Amino acid sequence: MSGEATALELVWNADPRLLSIVALSISVSLSAVFFAALFGLPLGAVIALTRFPGREASIVVLTH
């Protein structure tokens, strides 16, 4: 490993490049969760609380 730091060394020394990669990964993941909840929770409430043609089929599709 000439000149290359091991993964453990990068974590232990809190390498700035590694920390920026981790921060980007966390922010992308939290953004995905936010938008999924923004659309998924109201849609789930509508499907759970209203009756409409094809409701049973949509529940089967969403749960499988």
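Since the model is a prediction, treat every value here as computed from it, not as a measurement.

### Notes on the confidence of the model for the chain
Right, on to step 1. Confidence in the prediction of the chain, expressed as mean pLDDT, is 91, and 95% of residues score 70 or more.
Right, on to step 2. Across the chain, the secondary-structure element scoring lowest on mean pLDDT is helix α1 (residues 7–12), at 86, and the one scoring highest is helix α2 (residues 16–49), at 95.

### What to know about the pattern of salt bridges
Right, on to step 1. Taken as a whole, this structure holds one salt bridge when the rule is applied.
Right, on to step 2. Across the pair R17 and D15 runs a salt bridge, and its minimum N-O distance is 3.7 Å.
Right, on to step 3. Take R17: its relative accessible area is 61%, and that puts it in the exposed class.

### Overview of a nonpolar patch on the surface
Right, on to step 1. A cluster of nonpolar side chains, F34, F35, L38 and F39, forms an exposed patch at the surface whose accessible area comes to about 450 Å².
Right, on to step 2. Positionally, L38 belongs in helix α2.
Right, on to step 3. Looking at L38, the relative accessible area reads 41%, which means it is partly exposed.

### A closer look at unusual backbone geometry
Across the chain, the bulk of peptide bonds are trans and the bulk of non-glycine residues have phi less than zero.
Right, on to step 1. Located in the positive-phi region is A14, a residue other than glycine, with phi close to 50 degrees.
Right, on to step 2. Structurally, A14 can be placed in the loop between α1 and α2.

Reading the values: the criteria
Residues numbered from 1 in each chain as written. Predicted model: local features only at pLDDT ≥ 70, side-chain atom pairs only at ≥ 80, totals over all residues. Heavy atoms only, no water. pLDDT = per-residue confidence, 0-100. Helix = DSSP H or I, 4+ residues; strand = E, 2+ residues; numbered from the N terminus. Salt bridge = Lys/Arg side-chain N within 4 Å of Asp/Glu carboxyl O. Buried < 20%, exposed > 50% of the residue type's maximum accessible area, 1.4 Å probe, protein only. Patch = residues over 30% accessible without salt bridge, like charges linked within 9 Å, V, L, I, M, F, W, Y side chains within 5 Å. Areas by Shrake-Rupley, 256 points an atom, 1.4 Å probe, with all protein chains shown as cover.

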